[in-house]
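Secondary and tertiary structure notes
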Amino acid sequence: MDRPAFGIPSFSTDVDLWLEGAWGRWPLRQVGDQFIIADRPGDLPEGRADIVISVDGKEFRHAVRLPEGMTATQTRTPVLPDDGVPF
């Protein structure tokens, strides 16, 4: 007889993570409060973007700025919150 671990039935969640900007959608591997790690590093210009987390089809967005852009040679890309305040 199969019994779930700790008496809790198993479940599955579909999670997707990407960066979205004027250049399109860029898949991410990991995000932190001050950085992102791209699924495949590449060159992106500095500017505004959204970190998008999709959980079972429901999207959550967080506006950020890429102050240095992204390069194909760096593992971690710094991001700053973009709250729309110009100063």
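Above this note sits the structure.
The text that follows walks through the structure, step by step, so that each part is easy to find. The model shown is predicted, which means the values in this text are computed figures rather than measured ones.

**Some thoughts on the pairing of strand S4 (residues 47-55)**
For a regular strand, side-chain orientation follows a simple rule: the groups alternate between the two sheet faces. Bridge count for strand S1 (residues 15-21) against S4 is six bridges, and the pairing is antiparallel. Looking at the pairing, Leu-19 lines up with Ile-51 of S4. Pairing geometry for S4 and strand S5 (residues 58-66), over nine bridges, is antiparallel. Its bridge partner lying in S5, Val-55 is registered against Lys-58. Once S4 ends, the chain turns through two residues before running back antiparallel as S5, passing Asp-56 with a positive phi of about 50°.

**A word on the sheet that holds strand S6 (residues 76-78)**
Strand order in the open sheet formed by seven strands is S6-S3-S2-S1-S4-S5-S7, and the pairing between neighbours is antiparallel. Whereas interior strands pair on both sides, the edge strands pair on one side only; in this sheet they are S6 and strand S7 (80-81). Bridge analysis of S5 against S7 gives two bridges, and the strand direction is antiparallel. Residue pairing in the sheet places Arg-65 in a bridge with Leu-80 of S7.

Reading the values: rules and limits
- Residues numbered from 1 in each chain as written.
- Predicted model: local features only at pLDDT ≥ 70, side-chain atom pairs only at ≥ 80, totals over all residues.
- Heavy atoms only, no water.
- Pairing = 2+ DSSP bridges.
- Helix = DSSP H or I, 4+ residues; strand = E, 2+ residues; numbered from the N terminus.

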